[in-house]
Amino acid sequence: MTRRTASASATPALPCVLLTGFDAFGGASLNPSWLAVQALAGEVLAGHTLVAAQLPTTFAGSLQALAGLLQQHKPALVICVGQAGGRSAMSLERIAINVNDARIADNTGEQPVDTPVVLNGPAAYFSTLPIKAMLQALQQAGIAAEVSQTAGTFVCNHVFYGLMHALAKQRGAGRTRGGFVHVPYLPEQGLPCMPLDDMVRGLGTAIECALTTPHDIVHGAGQIS
């Protein structure tokens, strides 16, 4: 992975990649998704400037914030990142489903159960990222990674579905690609975990692969259960 920091004069001329992470939730004092994307802000990969933004861990506010970011930056690529406690690898999410079913309340106390993300929207959207190529690149870089078949039913899936719904409405050949990545806990949060440096390096590797891979590869990464 080769990256550099954009100069003030170069940044406006480059297309951008929008990266989002979440604020802390569920009583935690930090969220590794935000720390990881924040560390990449201002970097340049494959001719694209990386822009990082924090989303609130709320059902109502997250998609409002994301819509504003999409309009403001008009990114060529969007990767939303969230925390998945209990996972030991970076998870490249395959599919977003049109349901909210919150086991805990969000940061405003909202706890929707069995409600749609988008009323009358499709049942699901697939990521448009080359997740199999990204998986291979991460594994070759020595980063623990997997393809995940579920992004849950909390705010992460809510944002993933809302992102893909917004991108699906774009018209023309230059449609933005997007998807979602989950990262594990940091070591100070518990086990299993991943050091922040590995998360940052892994995200950079995944982003560069996504930017340079127009069509995904065939690479086994399924699950029996």
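Residues numbered from 1 in each chain as written. Predicted model: local features only at pLDDT ≥ 70, side-chain atom pairs only at ≥ 80, totals over all residues. Heavy atoms only, no water.

(A) Spotlight on the packing of aromatic side chains. Across all of its chains, the model carries 4 aromatic pairs by this definition. On the numbers, 5.0 Å between centres and 55° between planes, the contact of Tyr125 with Tyr161 is tilted. Of this pair, Tyr125 sits in strand β10 (residues 124-126) while Tyr161 sits in helix α4 (residues 155-168), and the two are 36 residues apart along the sequence. Each member of the pair Tyr125 and Tyr161 is classed as buried. Between Phe160 and Phe180, the ring centres sit 5.9 Å apart and the planes meet at 35°, which makes this aromatic pair tilted. Placement of the pair is Phe160 in helix α4 and Phe180 in strand β12 (residues 177-183), with a sequence separation of 20 residues. (Phe/Tyr/Trp six-rings, centres within 6.5 Å; stacked < 30°, edge-to-face > 60°. Helix = DSSP H or I, 4+ residues; strand = E, 2+ residues; numbered from the N terminus. Buried < 20%, exposed > 50% of the residue type's maximum accessible area, 1.4 Å probe, protein only.)

(B) Layout of the pattern of salt bridges. Tallying each qualifying case throughout the model produces 2 salt bridges. Put simply, Glu93 and Arg87 hold a salt bridge, and the shortest N to O gap is 2.8 Å. According to the relative accessible area criterion, Glu93 is buried, its value standing at 0%. We note a salt bridge from Arg201 to Asp198, for which the minimum N-O separation is 3.9 Å. Of this pair, Arg201 and Asp198 both sit in helix α5 (residues 196-212), 3 residues apart, which is roughly one turn of that helix. Overall, the relative accessible area of 28% leaves Asp198 in the partly exposed class. (Salt bridge = Lys/Arg side-chain N within 4 Å of Asp/Glu carboxyl O.)

In short, geometric facts, not functional conclusions.
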